Amino acid sequence: MDKTMLADLDSLPEEDKARMSTMIDQLQIRDSLRMYNSLVERCFTDCVDTFQRKSLTKQEETCVRRCAEKFLKHSMRVGMRFAELNQGAATTD
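Residues numbered from 1 in each chain as written. Predicted model: local features only at pLDDT ≥ 70, side-chain atom pairs only at ≥ 80, totals over all residues. Heavy atoms only, no water.

- An unreviewed UniProt entry lists the chain under the name Mitochondrial import inner membrane translocase subunit, with Carpinus fangiana as the source organism.
- Comment text from UniProt for the chain, heading Subunit (unreviewed entry), reads "Heterohexamer; composed of 3 copies of TIM9 and 3 copies of TIM10, named soluble 70 kDa complex. The complex associates with the TIM22 component of the TIM22 complex. Interacts with multi-pass transmembrane proteins in transit."
- UniProt, in its Subcellular location (unreviewed entry) section for the chain, records the words "Mitochondrion inner membrane". (UniProt positions renumbered as here; feature names shortened; annotations may be inferred.)

As C-alpha cells, then:
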C-alpha cells in the first residue's frame, strides 16, 4: 500500500475503519483455512496409499510429516519474500 492509500484509510470514519478491519480479518481467516485445506489434501493424496488400517502406517506418517514441513517452510519463505518485496516497494515511494 502506498502512503496516499494509508492516508485515505486514516481519513475514514471510525465505523468504516471497523468494517474494513473486520473484512481484513475475515479474509485472513479464509486464506488460512484455504492453506490448511490445501496442505491436508495434498499431503493426504501424496502419502496415504491404503485404507487397510484405522491409523497411518509408519511410512505414511513419516511422509505426511515431511510433506507438511515442506509445505509450511515453502509458505513461510513465500511470505517472507513477499514482505521483502512489499517493504522494498514502500521505500521507493
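On we go from here.
**Some words on the packing of aromatic side chains**
Thinking step 1. Scanning the model with the defined rule gives 1 aromatic pair in all.
Thinking step 2. Ring centres of F44 and F51 lie 6.0 Å apart, and the angle between their planes is 40°; on these two criteria the pair is classed as tilted.
Thinking step 3. Taking the relative accessible area as the measure of exposure, F44 reaches 40% and is therefore partly exposed.
Thinking step 4. A relative accessible area of 66% places F51 in the exposed class. (Phe/Tyr/Trp six-rings, centres within 6.5 Å; stacked < 30°, edge-to-face > 60°. Buried < 20%, exposed > 50% of the residue type's maximum accessible area, 1.4 Å probe, protein only.)

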